[in-house]
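# A closer look at the structure
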Amino acid sequence: MRIAMIGTGYVGLVSGVCFSDFGHEVVCVDKMAAKVDTLRAGGVPIYEPGLEELLTRNTAAGRLSFTTDLAEAVKGARAVFIGVGTPTRRGDGHADLTYVYAAAKELADVIDDGAVVVTKSTVPVGTNREVGRVIAERLKETGREISFEIASNPEFLREGAAIEDFMRPDRVVVGVESEAAETVMREIYRPLSLREAPVMFTSLESAEIIKYAANAFLATKITFINEIADLCEKVGGDVKAVAKGIGMDGRIGSKFLHAGPGYGGSCFPKDTSALARIGQDHASPVRIVETVMSVNDARKRRMVDKVMDLCGGSVNGKKIAVLGVTFKPETDDMRDSPSLVIVPGLVGAGAQVSVCDPQGRKEGEALLPGVTWAEDAYEAAAGADAVVLLTEWNEFRALDIKRLRQVMSGNGFADLRNVYAPEDAAAAGFRYVSIGRPDVTPAD
Ligand code: NAD
């Protein structure tokens with residue numbers, strides 16, 4: 001089937017590439033000419049493991065191409081996916097739907113008769129119907145006489161594991177209101193049903209809510225274990241043991257129970273915010289989610305205090321090495337990363353901050369003024385009073401911590417991802433603090 005994908009960001013590009021790998025003929029379109037040029041030359045504008053290989057294979061097979069021309073992209077397409085950004089709108093916390101509606105309006109001039117317009121972007125309840133209304137209104141304006149269908153197909157992939165998630169999803173959710181749209185969507189995802197991934201059909205509204213509810217639930221789970229970690233610190237428990245103990249309960253599950261510096265990223269902060277606003281607008285407040293948001297915001301700021309306490313109450317004039325600035329490992333995405341609160345907090349408190357990140361520098365340089373960039377953890381830590389492990393990239397999980405301690409001038413280690421065993425850190429000569437576990441001082 002011929003498919004068009006509007007937007008070649010983290011979701012649009014991965015979805016487009018994976019659909020082409022299913023055997024569909026996919027044309028991806030983006031307004032950013034530089035991105036399209038890179039893609040046409042076989043490059044990948046984002047860091048996502050496995051993506052380049054899949055892109056090269058499917059481009060070579062003639063199933064995948066890129067353009068800036070919407071009309072060219074949608075010509076002959078039975079399904080047109082909207083995968084543009086829906087960031088938080090400035091000032092009020094709502095999702096900004098400008099890009100979605102702009103794409104819908106443009107589509108009305110160029111889609112083929114009978115095409116299904118599928119919204120893959122994360123959008124509030126009612127948006128898919130509004131997309132249909134925008135297209136219908138524009139058709140009326142221009143006098144074009146074609147029919148079209150709409151469908152909602154929220155995406156659940158995780159950056160860093162996006163290909164695997166797309167190819168082997170726990171489920172695919174599709175909101176439709178016509179048999180014609182359902183038939184097209186079934187055909188698109190048929191290769192997944194052969195792999196026994198459930199494809200669930202529901203209403204447009206339910207599909208929209210499922211996406212927000214899923215992200216809000218996961219953000220809640222993380223925030224819950226973070227607060228339990230705080231309690232552990234006060235009363236002398238170990239949050240890793242607690243998480244293991246509750247996670248073995250099948251009703252709870254072990255995932256998303258890793259205590260840390262607070263969630264960030266391109267989805268959880270904006271989607272919790274949008275869900276809270278949707279609830280308020282419909283006089284059905286989602287108070288748990290509202291609380292999760294404020295607990296998480298406060299937590300990121302408190303991480304700065306944690307580092308200051310480690311450094312004897314102040315970081316003024318101290319050298320601090322920060323390992324990892326992306327919001328999680330295996331991505332170059334810096335959107336709403338905890339580092340964007342914690343690093344400026346340290347710089348603002350007078351610290352000289354040296355950072356390193358395997359993929360974050362390109363985005364991070366502009367976002368984190370006043371820091372120096374190092375090539376690796378040992379270079380960052382050279383002469384430092386304290387090290388802060390902020391993002392658990394593999395290369396920071398297997399550090400030679402004795403060597404790390406030796407290159408430093410101080411001995412502070414704030415492990416905000418609980419990567420190391422406190423006794424190992426003590427044995428290496430560190431004063432070590434982590435999340436929800438006992439602090440330790442250097443072993444003699
Ligand atoms: P992104 O900002 O990385 O990419 C959006 C792309 O759309 C950009 O390249 C932009 O140039 C392009 N674009 C915007 N308007 C356009 C138009 N009219 N025509 C052509 N191109 C246009 O965004 P993203 O992270 O891929 O997210 C896209 C959507 O998917 C969002 O709604 C997000 O919430 C959702 N989502 C994201 C993730 C994730 O992990 N990033 C996961 C699930 C769902």
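Residues numbered from 1 in each chain as written. Predicted model: local features only at pLDDT ≥ 70, side-chain atom pairs only at ≥ 80, totals over all residues. Heavy atoms only, no water.

## A short note on the nonpolar core
Core analysis: the biggest nonpolar cluster contains 42 residues, and Leu-13, Phe-19, Phe-81, Met-185, Ile-188 and Tyr-189 have the highest contact counts within it. Apart from the residues within four sequence positions on either side, Phe-19 is in contact with Ile-3, Met-5, His-24, Val-26, Phe-81, Phe-166, Ile-188 and Tyr-189. In this structure, Leu-70, Val-80, Leu-107 and Phe-148 belong to the second largest nonpolar core, which totals 35 residues. (Core = buried A, V, L, I, M, F, W, Y, C linked by side-chain atoms within 4.5 Å. Buried < 20%, exposed > 50% of the residue type's maximum accessible area, 1.4 Å probe, protein only. Contact = heavy atoms within 4.5 Å.)

## Here's the deal with unusual backbone geometry
Backbone geometry places Glu-330, a non-glycine residue, at a positive phi of 65 degrees. Looking at the element boundaries, Glu-330 is found in the loop between strand 9 (319–323) and helix 13 (339–348). Note on Glu-330: relative accessible area 25%, which makes it partly exposed. The residue Asn-418 is not glycine, and still its phi comes out positive at about 50 degrees. (Helix = DSSP H or I, 4+ residues; strand = E, 2+ residues; numbered from the N terminus.)

## What to know about helix 6 (residues 127–142)
The terminal C-alpha atoms of helix 6, which comprises 16 residues, lie 22 Å apart, in line with the 22 Å expected from a rise of 1.5 Å per residue. Those residues of helix 6 that fall on the buried side of the exposure criterion are Thr-127, Asn-128, Val-131, Gly-132, Val-134, Ile-135 and Leu-139. One face of helix 6 carries all of its buried residues, which in axial projection span an arc of 160 degrees. The exposed set on the far side of helix 6, more than 90 degrees from its buried face, consists of Lys-140 and Glu-141. The inward-facing, buried residues of helix 6 contact strand 4 (79–82), helix 5 (98–108), strand 5 (116–119), strand 6 (149–152) and helix 9 (204–235). (Expected span 1.5 Å × (residues − 1). Arc of directions from axis to C-beta.)

## What about the environment of Phe-396?
The topology assignment puts Phe-396 in helix 16 (residues 394–397). For the pair Phe-396 and Tyr-420, spaced 24 residues apart in sequence, the C-alpha separation works out to 9.9 Å. Contact partners of Phe-396, with chain neighbours within four places excluded, come to Leu-323, Gly-324, Cys-356, Asp-357, Pro-358, Ala-377, Leu-389, Thr-391, Val-419 and Tyr-420.

## Re the pattern of salt bridges
If you walk through the whole model with that rule in mind, you get 25 salt bridges. Residue Arg-299 pairs with Asp-230 through a salt bridge whose shortest N-O separation is 3.1 Å. Of the two residues, Arg-299 is situated in helix 12 (residues 287–310) and Asp-230 in helix 9; the sequence distance between them amounts to 69 residues. For Arg-299, a relative accessible area of 3% puts it in the buried group. Accessibility expressed as a relative area gives 23% for Asp-230, which makes it partly exposed. Look at the salt bridges and you will find they share partners, linking Asp-109, Arg-138 and Glu-141 into a network. (Salt bridge = Lys/Arg side-chain N within 4 Å of Asp/Glu carboxyl O.)

## Details of the packing of helix 11 (residues 268–281) against helix 12
Running from N to C, helix 11 and helix 12 cross one another at 140 degrees; their axes reach a closest spacing of 9 Å. In terms of crossing hand, the pair formed by helix 11 and helix 12 is left-handed. Residues Thr-272, Ser-273, Leu-275, Ala-276 and Gln-280 of helix 11 form the contact with helix 12, whose own contacting residues are Val-289, Glu-290 and Met-293. Its residues placed into classes, the contact of helix 11 with helix 12 shows 4 nonpolar, 3 polar and 1 charged. (Axes fitted to C-alpha atoms, helices over the stretch in contact; angles between N-to-C directions. Left-handed = near helix turned anticlockwise from the far one by under 90°. Nonpolar A, V, L, I, M, F, W, Y, C, P; charged D, E, K, R; others polar.)

## A closer look at the site of the ligand
With respect to spatial proximity, 25 residues lie near the ligand, and among them Asp-30, Lys-35, Thr-86, Glu-159 and Lys-270 are the closest. Residue Thr-122 places a main-chain N or O atom 2.9 Å away from an oxygen atom belonging to the ligand. Lys-270 is positioned such that a nitrogen or oxygen atom in its side chain is 2.5 Å from an oxygen atom of the ligand. In the complex, 90% of the free accessible area of the ligand, which totals 840 Å², lies under the protein chains. (Near = heavy atom within 4 Å. Polar contact = N/O pair within 3.5 Å; in protein donor to acceptor, adjacent residues only side chain to side chain. Areas by Shrake-Rupley, 256 points an atom, 1.4 Å probe, with all protein chains shown as cover.)

## Notes on the state of the cysteines
Enumeration according to the criterion identifies 0 disulfides in this entry. Cys-18 carries a free sulfur, and the closest cysteine sulfur to it, the one in Cys-28, is 11 Å from it. We classify Cys-18 as buried; its relative accessible area is 0%. In this model Cys-311 remains outside any disulfide bridge; the closest cysteine sulfur is found in Cys-356, 17 Å from its own. (Disulfide = S-S within 2.5 Å.)

## Some points on the side chain of Ser-339
Take Ser-339: it is sitting in helix 13. Separated by 2.7 Å, the side chain of Ser-339 and the backbone oxygen of Val-325 make a polar contact. Not counting residues within four places of it along the chain, the set of residues in contact with Ser-339 comprises Val-325, Met-334, Pro-344, Leu-368 and Leu-390.

## Some remarks on the packing of aromatic side chains
On inspection of all chains with the given rule, the structure shows 11 aromatic pairs. On the basis of an interplanar angle of 65 degrees and a centroid distance of 5.5 Å, the ring pair of Phe-19 and Tyr-189 is categorised as edge-to-face. Placement of the pair is Phe-19 in helix 1 (residues 10–21) and Tyr-189 in helix 8 (residues 179–194), with a sequence separation of 170 residues. When sorted by exposure, Phe-19 lands in the same class as Tyr-189, which is buried. Ring geometry for Phe-413 versus Tyr-432: centroids 5.4 Å apart, planes at 90 degrees, classification edge-to-face. Of this pair, Phe-413 sits in strand 13 (residues 412–415) while Tyr-432 sits in strand 14 (residues 431–433), placing them 19 residues apart in sequence. Considered together, Phe-413 and Tyr-432 belong to a single accessibility category, that of buried residues. An aromatic cluster is built from Phe-19, Phe-22, Phe-81, Phe-166 and Tyr-189, whose rings are joined through pairwise contacts. (Phe/Tyr/Trp six-rings, centres within 6.5 Å; stacked < 30°, edge-to-face > 60°.)

## A word on the packing of helix 6 against helix 9
Contact geometry of helix 6 with helix 9 gives a least axis separation of 8 Å together with a crossing angle of 130 degrees. Our classification of the angle between helix 6 and helix 9 gives oblique. Residue-level contacts link Thr-127, Asn-128 and Arg-129 of helix 6 to Leu-204, Glu-205 and Glu-208 of helix 9. When its residues are assigned to classes, the contact of helix 6 with helix 9 shows 1 nonpolar, 2 polar and 3 charged. (Parallel < 35°, antiparallel > 145°, perpendicular 65-115°, else oblique.)

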